[in-house]
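Here is what each chain is made of, one letter per residue.
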Amino acid sequence: MDFLELTKKRYSVRAYKPTPVEDEKLKQILEAARMAPTGSNQQAFQLVVVHTKGREEELRPIYNRDWFVQAPIIICACATTIPGQAYDEGRSYRNVGIVMDHLILAATNLGLGTCWIGAFDTNPARDILGLPKDVKPIVFATVGYSDDEPRPKVRKSIDELVRYEQW
Ligand SMILES: Cc1cc2nc3c(=O)[nH]c(=O)nc-3n(C[C@H](O)[C@H](O)[C@H](O)COP(=O)(O)O)c2cc1C
């Protein structure tokens, strides 16, 4: 798919079919995430892949929405600490955001629906996923086949978003 078309095709999917995600597609989206650039190539992230089937009620405290646990897969993108370096929240959010964007666009390209989830509850996420202290959950994504309809994209105009500096 043309890249611009891909960015327009992606939308937040908040209803999923029970159809499982093929292992090959899961591998491909994880590979796209692995290829994401990170500052100084430190790759200080971990992706936790969760299959939801049969675990719906256990996972619900992370983000209490029916569609969150209806998605066959949820992925938690975490920042990890770098030995000898203080944790830098800004750096972690930048890097993990890029990783997740690679993953989500790759999923869209394979016909999968996704939704970013930033409003999850950190403590249940830590407990339920068994995250060690030095692994910080930054953002989740649901992944599965959409049972939702795309909505018109509401975006500011280029003029509002871009300023060309005068030379
Ligand atoms: C970093 C980030 C966090 C988000 N967190 C949530 C969330 O917690 N719950 C939710 O329903 N949507 C969440 N969204 C989805 C946005 O609401 C959505 O991307 C935006 O409204 C644009 O709609 P679109 O994705 O359909 O183009 C998040 C998106 C981003 C990029």
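Structure: see above.
Since the model is a prediction, treat every value here as computed from it, not as a measurement.

(A) Up close: the overall build of the protein. A count of helices and strands for the protein gives seven helices and four strands. The order of α-helices and β-strands along the protein, N terminus first, is α-α-β-α-α-β-α-β-α-β-α. Against the compact-globule benchmark of 15 Å for 167 residues, the protein has a radius of gyration of 17 Å, which places it among compact chains. C-alpha atoms of the protein, sized along the principal axes, occupy 60 × 45 × 30 Å. Among the 167 residues that make up the protein, the fraction classed as buried is 42%. If you take every contact in the protein between residues at least 6 apart in sequence, the share linking residues at least 24 apart comes to 78%. Counting every atom, the protein has about 10,100 Å² of accessible surface; 52% of that belongs to carbon and sulfur. On the protein, the mean spot of the 22 positive side-chain charges and the mean spot of the 22 negative ones are 2 Å from each other.

(B) Summary view of the site of the ligand. Around the ligand there are 13 residues in total, and Ser12, Arg14, Tyr63, Lys153 and Arg155 lie nearest to it. A distance of 2.6 Å is found between an oxygen atom of the ligand and a side-chain nitrogen or oxygen belonging to Ser12. Measuring from an oxygen atom of the ligand, one finds a backbone N or O atom of Ala119 at 3.0 Å. Considered on its own, the ligand offers 620 Å² of accessible surface; in the complex 61% of this is hidden by protein. By residue number, the principal contributor to the shell around the ligand is strand E3 (residues 113-117), which donates three residues.

(C) A nonpolar patch on the surface, seen in detail. Taken together, the side chains of Ile158, Leu161, Val162 and Tyr164 make up a nonpolar region of the molecular surface, amounting to roughly 460 Å² of accessible area. Structurally, the position occupied by Tyr164 is in the segment after helix H7 (158-161).

(D) Representation of the pairing of E3. For E3, the tally of buried residues reaches four of five residues, placing the bulk of the element in the interior. Where E3 and strand E4 (residues 135-144) come together, five bridges link them in antiparallel fashion. The residue bridging Cys115 from the neighbouring strand is Thr142, located in E4.

(E) Summary view of helix H2 (residues 23-34). End to end, H2 covers 16 Å across 12 residues, agreeing with the expected 16 Å (1.5 Å per residue, within 8%). Looking at H2, one finds that the buried residues are Lys25, Leu26, Ile29, Ala32 and Ala33. End-on view of H2: buried residues confined to an arc of 120 degrees, all on one side of the axis. Turned more than 90 degrees away from the buried face of H2, the exposed residues are Asp23 and Lys27.

(F) How the structure looks around the nonpolar core. Counting 24 residues, the largest nonpolar core has Ile29, Ile75, Val96, Met100, Leu103 and Val143 as the members making the most contacts within it. With residues near it in sequence (within four places) discarded, Leu103 still touches Ile29, Leu30, Ala33, Leu47 and Ile75. Counting 23 residues, the second largest nonpolar core, distinct from the first, contains Tyr16, Leu59, Cys115 and Phe120.

About the cut-offs
- Per chain, residues are indexed from 1 in the order of the written sequence.
- Owing to the predicted nature of the model, reporting of local features is limited to residues with pLDDT of at least 70; listing and counting of side-chain atom pairs is limited to 80 or more, with chain, interface and lining totals taken over all residues.
- Only hydrogens and water are set aside; all other atoms, that is, all heavy atoms of the structure, feed into the side-chain values.
- Note on conventions: DSSP H or I runs of at least 4 residues are helices, E runs of at least 2 residues are strands, and numbering of each starts at the N terminus.
- Using C-alpha atoms as the atom set, the radius of gyration is obtained and then compared with a globule rule of 2.2 Å times the number of residues to the power 0.38.
- The buried label goes to any residue with under 20% of its type's maximum accessible area, the exposed label to any with over 50%, and the partly exposed label to all in between, with areas taken from a 1.4 Å probe on protein chains only.
- Whether two residues touch is decided by their heavy atoms; if any such pair falls within 4.5 Å, the residues are in contact.
- The method behind every accessible area is Shrake-Rupley, applied with a 1.4 Å probe, and residues are considered shielded solely by the protein chains displayed.
- Just so you know, the count uses Lys and Arg for positive and Asp and Glu for negative, and it drops His and the chain ends.
- A charge is said to be at NZ when it belongs to Lys, at CZ for Arg, at CG for Asp and at CD for Glu.
- Here, proximity means that at least one heavy atom of the residue falls within 4 Å of the molecule or strand.
- Polar contact is defined as a pair of N or O atoms within 3.5 Å, subject to the rule that within protein one atom must be able to donate a hydrogen and the other to accept it, and that residues adjacent in sequence are counted only when both atoms are side-chain atoms.
- Nonpolar side chains (Val, Leu, Ile, Met, Phe, Trp, Tyr) within 5 Å and like charges within 9 Å form the patches, drawn only from residues with over 30% relative accessible area and no salt bridge.
- When a carboxyl oxygen of Asp or Glu lies within 4 Å of a side-chain nitrogen of Lys or Arg, that pair is called a salt bridge.
- Two strands form a pair only when DSSP identifies at least two bridges running between them.
- Helix span, expected: 1.5 Å multiplied by one less than the number of residues in the helix.
- Working definition: the arc comes from the directions between the helix axis and the C-beta atoms, pointing outward to the latter.
- To form a nonpolar core, buried Ala, Val, Leu, Ile, Met, Phe, Trp, Tyr and Cys residues must be joined to one another through side-chain atoms within 4.5 Å.

It is worth stressing that arrangement in space is one thing and function is another; only the former is reported here.
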